[in-house]
Amino acid sequence: MLPYLSIPKENILSRITHTNTCPVAKTQPKSSAAKPPATPALVRQERSGKCRLGFLPEEWFLFVHPFTGVSGPYILMIALANYGFSKEIIVCEHEYYGGLTWIVLIYLVTTRAGPKIGEILDQKVDAHENEFKKSRTEEEAIYLKTIENEKEAQMQAQGQELLMQAKKENIAMQLEAAYRERLMTVYNTVKGRMDYHVKLYAAESRIQQKYMIDWILDEVKEAITPEFQEQVMERYIQDLGALASKA
Amino acid sequence: MANRFKKPSINWPEMARRVPPDQKGKFISFKAKSETYLRKVMAHPEVPPKIDWDGYRKVMPVAGLVEKFQKSYESFTVPYPKDTLSDKVDQQWTELQGKIKEFVAASNENIKEAEAQLAVVRSLPPFESMTMEIYRDLYPEQALDPVNRPTFWPHAPEDQLGYEDREQKAAQKGGGH
């Protein structure tokens, strides 16, 4: 089916709370591993805990508050220092002053250059982390893309209903085209024959008329005799003379 | 006759949207065919033009001929061509429906599986709060495992035994020039 499924599906959460390398996982019976404990997933802290005086954990102060009050730990420190100096546990030789200069230097470096160095290192860590995150988003994208593709394929498969409708319509169109062609054939044939008859009768009557005129003319010409022609000529001359006298 | 084709009702843009890309060519030729059919239909009017019988009657000297023609023309009904293929298309469609159903079911299975895998991936702890142990358990292939898969310093792929660069691989595959 899907070849790129690499991560086993079974119970990842239970494996996370106690990893294979964790000794607890080995001592626990196998059956309990099937049920993931309700503890929330482990979250790594991004920054270190709160400090006082730059290096002493807050928790130490909170620990002694019930016995000594709020200013107690400071008094305790001063008292301890005092005790140390007076009993020469802390010896003020040259190493001591060297130590003071080191403290000053370390303080200066951490306060001045510390944030910038931290930023650079954070960037590197972020780049590393983003690489990992990218692999996960890519994996997610593969599954999302699979789902999307499958849905699209389903949509396309169901689109075949449209194809069937189109096929039916094509058939209907071809039938209609054939029918219309038939109608037009009938129409053209009938109209053509009608026109033929009309033209036939028109031609016949025209030819008959022509022959009739010719026949009449021929008969008239035959009826004209030489005497009749002479009479006509004389009549012409008389008419011309009458016209000449008038002019 | 009852259901004569009136005008095209195919929703082409919707259909084009649903055609898989590898069948676009077939779709285009199908559409072209359909358009030629439509053109053939449009080549003739839906009903033939009226014949001017009165006009003929005026110019026709022979009595009864026009009437005879008119009577026989009007009494003649043009048979509508028989539809033999629609049933086949219906049959195709019923067959296809089963196939589509099957396909959709299989596809839904795939979707379900992908969704399950997606849920698994999303349920994993974020990388920023993983320890090396968790990483090793979740990604045994990628995690550092010096016991089972030791590597030579400085642990880059090109420093290991049996490493071949691209040229060497190509030479081995293609046999060189």
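What you see is a predicted model, and the numbers here were worked out from it, not measured in a lab. Along each chain, the written sequence defines residue order, and numbers are assigned to residues from 1. Each chain gets a letter, beginning with A, and each ligand a number, beginning with 1, in the order they are written. Only residues with pLDDT of at least 70 get local features here, since the model is predicted, and only at 80 or more are side-chain atom pairs given and counted; chain-wide, interface and lining totals rely on the full set of residues. Derived side-chain values reflect all non-hydrogen atoms in the structure, with water molecules and hydrogen atoms excluded from consideration.

1. Observations regarding the confidence of the model for chain B
Short version of the rule: Each residue carries a pLDDT value, the predictor's own confidence for that position, ranging from 0 to 100.
Chain-level pLDDT for chain B is 84 on average; 97% of the residues reach the 70-or-more range. Across the interface, the model reports ipTM at 0.71; the global pTM reads 0.58.

2. A closer look at the interface of chain A and chain B
Definition in use: What makes two residues a contact is simply this: any of their non-hydrogen atoms within 4.5 Å. Buried area is calculated as the accessible area (1.4 Å probe) missing from two parts once they are joined, with the contributions of both summed. A carboxyl oxygen of Asp or Glu within 4 Å of a side-chain nitrogen of Lys or Arg is what we treat as a salt bridge.
Taken together, the contacts link 70 residues of chain A with 82 residues of chain B. Contact between chain A and chain B buries roughly 7800 Å² in total, counting both sides, with carbon and sulfur atoms accounting for 70%. Contact with chain B buries surface across chain A, with A:Arg136, A:Arg180 and A:Met194 losing the most and accounting together for 10% of the total. At the junction of chain A with chain B, the criterion picks out 3 salt bridges.

3. What about a nonpolar patch on the surface?
All names here are of chain A. Here is the rule: Surface patches are drawn from residues lacking salt bridges whose relative accessible area is over 30%; two like charges belong together within 9 Å, two nonpolar side chains (Val, Leu, Ile, Met, Phe, Trp, Tyr) within 5 Å. To be clear on the numbers: accessible area is Shrake-Rupley with a 1.4 Å probe, and residue cover counts the displayed protein chains and nothing else. A helix here means a DSSP run of H or I that spans at least four residues, while a strand means a run of E at least two residues long, and both kinds are numbered starting from the N terminus.
Residues Met212, Trp215, Ile216, Val220, Ile224 and Phe228 make up a contiguous nonpolar surface patch of about 620 Å² in total accessible area. No other element matches helix H8 (residues 160-223), which puts 4 residues into the nonpolar patch. Considering the arrangement of structural elements, one finds Trp215 in helix H8.

4. Notes on a negative patch on the surface
The test is simple: Charge convention: Lys and Arg are scored as positive, Asp and Glu as negative, and His as well as the terminal groups of each chain are ignored. To locate a charge, take NZ of a lysine, CZ of an arginine, CG of an aspartate or CD of a glutamate. In this scheme, a residue with accessible area under 20% of its type's maximum is buried, one over 50% is exposed, and one in between is partly exposed, where area comes from a 1.4 Å probe on protein chains only.
On the surface, A:Glu46, A:Glu119, A:Asp122 and A:Asp126 cluster together to form a negatively charged patch. Of the residues examined, A:Asp126 reaches a relative accessible area of 39% and is grouped as partly exposed.

5. A few points about the side chain of A:Arg136
As for its position among the elements, A:Arg136 is in helix H7 (residues 114-158). Salt bridges are absent for the buried A:Arg136, whose nearest opposite-charge side chain, A:Glu139, sits at 5.8 Å. Setting aside its immediate chain neighbours within four residues, A:Arg136 contacts B:Val121, B:Leu124, B:Pro125, B:Pro126, B:Phe127, B:Met130 and B:Tyr139.

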